[in-house]
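# Geometric and topological summary
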Amino acid sequence: MNKGEGLRLYRTLTLIRRAEEAIRLHYGEDDMKTPVHLSIGQEAIPVGVCHVLPEGSPMFGTYRNHALYLALTEDTDRFFAELHGKEAGMGRGKAGSMHLCEPSRGLLATSAVVGTTIPLAVGAALAQAYRHLRQPVAVFFGDGAAEEGVFWESLNFACQRSLNLLFVCEDNGLAIHAPAADRRGFSSITQAVGGFRCCTATADGSDLSAIIEATRALYRDMEADKQPGLLHVSYFRFLEHVGIGEDFFTGYRQAPSDQERRERDPLIRFSSHLLSLGYHPAELRAIDVEVDDQICRSIGRARSADYPTAEALYEDLWV
Amino acid sequence: MTETMTYREALAFAAAKEMDADPTVFVFGLDVPDHKRIFGSTKGLVEKFGPSRCFGTPLSEDAMTGVAIGAALSGLRPVHVHIRADFLLLGMNQIANVMSSLRYMSGGALRVPLVIRAVIGRGWGQGAQHSKSMHGLFGHFPGIKVGLPTSPQDAYSMLRAAIRDDNPVILLEHRWLYDIEGSVDEQYLPPLPGPVVVRQGTDVTVACTSWMTIEAMKAADVLARHGVRLEVIDIRTVAPLDETPVVSSVAKTGRCIIADYDWLYAGFSAELAARLAHHCFGVLKKPIERIGFAPVPCPTTRPLENLFYPSAVQIIRAVERLLDLDSIDLSQESFYSYEERFKGPF
Ligand SMILES: Cc1ncc(C[n+]2csc(CCOP(=O)(O)OP(=O)(O)O)c2C)c(N)n1
Ligand SMILES: [Mg+2]
C-alpha cells in the first residue's frame, strides 16, 4: 500500500462512516422516510474487496448496502437525494435505502429480500464466461442469507461451471435479533462450503488491511484454480438491525466493552494502522474535514431538491 | 367476555387461546420469539408455551413452508408467520404446488391444517419488495383459503377459525391495522367469515379488502356530510368467495365500487367485478368502478407512494362519477392522517 492508496482508503472508510453518522443525526427529522440498515462496523468489507477487484467489476449486494454503494461511487449527492426520496436520487425516489444501485460503477443490484441477489451474481458471472471474458463478479450477503436454499443452489451452479465469482459472506452473527446458534446446523460456513469446488478464505471484517490481503490471496487462488471463491468476514454490527439506534438495552446481546468497541471499529483500526505507519494525524484530520463538508453539502442539496412529479409514477416501467 | 384491545393484541390472544385449547397448535417463523414479536402479535406465546411450541427458524422460507406442510400432514396445526407477505414468494412452490393440492391429489385422504400469517407492509419507503398483499394470487389456486382481517374482532375470530380449519389458510394482515383498537368478544368463534356490511347505506356499494375498508369508512364519513350514503362491505375472506352479500347490496344501490388493496390487473377486484356483472346485470345503473394500486411496482418516496395507493379520495371521486355529482371540495378534509402516525423504520 503506497501513501496515496492509504489515504484514499481512509477517505472512503471515513466517507461511509460520516454518511451513516449524518443519517443517525438527521433521521429523526423524518425527511428520510426509508428503512435504513446502517453499516457501522461493516464498512471495511466492501471497501477492501472493491479495492482489490478490478474497477468496474459487476457487484451485487443487499439492503445493507450503504457501504458498498459509497465504496464504489463516493457519490453522496445521489445517495442522500435517494434517501430523501427526491428526483435527483439514484432511483428517482423509487429505490430508497434498500435498493441502491449504480450500474455505471458496477453495482448492478441490491435487494430487500434476503438471498435474492446471489443468483443474479451467478448470472453475471455466467455472462462473463459466455463471452469468454474473465472479469470477476462479487456478491455481498449476510450470514443469514447462507441459510437460504438459493445460496446453496447458486454455489453449486457456480462451482459446477467454474465461474469467476467471489461470494462475500458478511457475518455479523445475527439475523435481525437471532444469533447464529439458533439458526445454523453447521459450525463454520467455510467448512460447509469446503466440499464444493470453491476456494475459501476468512478475514477479520474489522481490519481493512486484513480484508485486502485475504481478498488478494483468495483472488489469486481463484485465478489459479479457475474456481469461484468464498470470502468469510466477521464483523460487529454496532446498531440495531434497521434504524439508527443502539439496541443493547433490549437484552438479546451484550454491549461491547470500550476495548471491544475499539477493536471492532474498522475506522479506528485503520487510522491507528496508518498512524503506526507514520501517517500524520493532520493528514487524516484534513480528510475528515473535507468529507464532512462533502456530506453536509450533499444533505443540503438533497433537502432542497424536488420530489419527483406525479408523471414519474408511471415512468421507468418499460424500456 | 368482551374486551377492548388492539389488532396486534387480538392476534396474540387468539393464538394463545388456540394453543391452550389444542396441544397440536404451534407458532413458528423468522423473528417470532424475538423481543419485537412480529410487531407484538406473538407476544407472550414463548413464555406461556415454551420454545417447543413457539420458535424462530433459519432464513429458509421454501424449506420451512414444506416443513409446516409435513407437520400438518402428520396431525399438527402449525401457524407459520412471516413479517412481510412478499417473503411468501420464496415458499411459492410449496404453497401453490403442494399445500393447495395435496388433499385433492390424495382423493381426500390427506388434510393440511396449516395457517400462514403474513404482514402487508406499507409506508416509510417499504418499496417494491416489502408491500405486496397478493391475496388474489393466493386465492387463484384452488385449495387455499385466503382471509384479510380488518378489525380486532376479525383478527381474533379469523385467526382462531383459521387454526381450527382443516384446510390451509393464508391470513394477510395490514401493518397499519395493528394499532387499531376495538372490542373483541372472545366467544365469537364462527368459521372463517365471509363479507360483512360494516356501514349501511343506500346510494353506492363499496366492496373493500383490508385497509381499503378504513379508507371507505373515511369516504363514507365525508360523503355523509354531502348527503350521500355509502354501503361499505368488508370482504374479509377472498377465497373461497361468497359474493352474495355484495350482490344483495348492489341490488339495493344499483351502483358499485370495488376498492381492493392490490393491483387491478387480473386481481381480486376483477374476479368480484366479473361475478357482479353476471349476478347484477339487470340492476346495475352504472358500470362497476374498480380502485386499486397504480399499475407499477410500489415506489418508496412519499409523494409517489401517495399516488400509488388507492385512498378515500379516489373512492369519493368514483362516487361522484357514479352519481353524476359535481366535484366535492375536499381541501378542508384531512386524508393520510393515519400515515402520519406510522413512523419508520419498519
Ligand atoms: C427472504 C426474506 N426473509 C426474511 C426477511 C426479513 N429479514 C430482513 S433482514 C433479515 C436478516 C438477515 O440476516 P443476514 O443475512 O445475516 O444479514 P444482516 O442483516 O445481518 O446484514 C431478515 C430475516 C427478508 N428480508 N427476506
Ligand atoms: Mg447477519
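Structure shown above.
Notes on the structure in this doc start here. Given the structure is predicted, the values throughout are model-derived calculations rather than measurements.

### Details of the packing of aromatic side chains
- Under the criterion given, the structure shown has 25 aromatic pairs over all chains.
- Here the aromatic rings of A:Tyr69 and A:Phe79 are separated by 6.0 Å at their centres, their planes lie at 25°, and the arrangement is stacked. Here A:Tyr69 is found in helix 3 (residues 66-73), whereas its partner A:Phe79 is found in helix 4 (residues 76-83), with ten residues between them in sequence.
- Accessibility expressed as a relative area gives 0% for A:Tyr69, which makes it buried.
- Here B:Phe293 and B:Phe308 contribute two aromatic rings whose centre-to-centre distance is 4.9 Å and whose plane-to-plane angle is 35°, an arrangement assigned as tilted. Taken together, the residues span a long stretch of sequence, with B:Phe293 in strand 14 (residues 289-293) and B:Phe308 in helix 12 (residues 302-308) at a distance of 15 residues.
- Taken together, the aromatic side chains of A:Phe141, A:Phe151, A:Trp152, A:Phe167, A:Phe186 and A:Phe196 make up a single cluster linked through ring pairs.
- Between the NZ or CZ atom of A:Lys86 and the centre of the ring of A:Tyr307, over which it lies, the distance is 4.8 Å.
- Above the ring of B:Phe335, the side-chain terminus of B:Lys218 is found at 5.5 Å from the ring centroid.

### Considering the sheet that holds strand 12 (residues 237-239) of chain B
All names here are of chain B.
- Taken in spatial order, the seven strands of this open sheet run 3-2-4-5-7-6-12, and their pairing is mixed. In this open sheet, the two strands that pair with only one neighbour each are strand 3 (54-55) and strand 12.
- Inspection of the sheet shows strand 5 (residues 115-120) paired to strand 7 (residues 169-174) by six bridges, in the parallel sense. Each residue of the ladder has a partner; that of Ile 116, found in strand 7, is Ile 170.
- The sheet strands contacting helix 4 (residues 61-73) are strand 2 (25-28) and strand 4 (77-82), and the helix crosses strand 4 at an angle near 160°.

What counts as what
- Residues numbered from 1 in each chain as written.
- Chains lettered and ligands numbered in written order.
- Predicted model: local features only at pLDDT ≥ 70, side-chain atom pairs only at ≥ 80, totals over all residues.
- Heavy atoms only, no water.
- Phe/Tyr/Trp six-rings, centres within 6.5 Å; stacked < 30°, edge-to-face > 60°.
- Helix = DSSP H or I, 4+ residues; strand = E, 2+ residues; numbered from the N terminus.
- Buried < 20%, exposed > 50% of the residue type's maximum accessible area, 1.4 Å probe, protein only.
- Lys NZ or Arg CZ within 6 Å of the ring centre and 35° of its normal.
- Pairing = 2+ DSSP bridges.
- Contact = heavy atoms within 4.5 Å.
- Axes fitted to C-alpha atoms, helices over the stretch in contact; angles between N-to-C directions.

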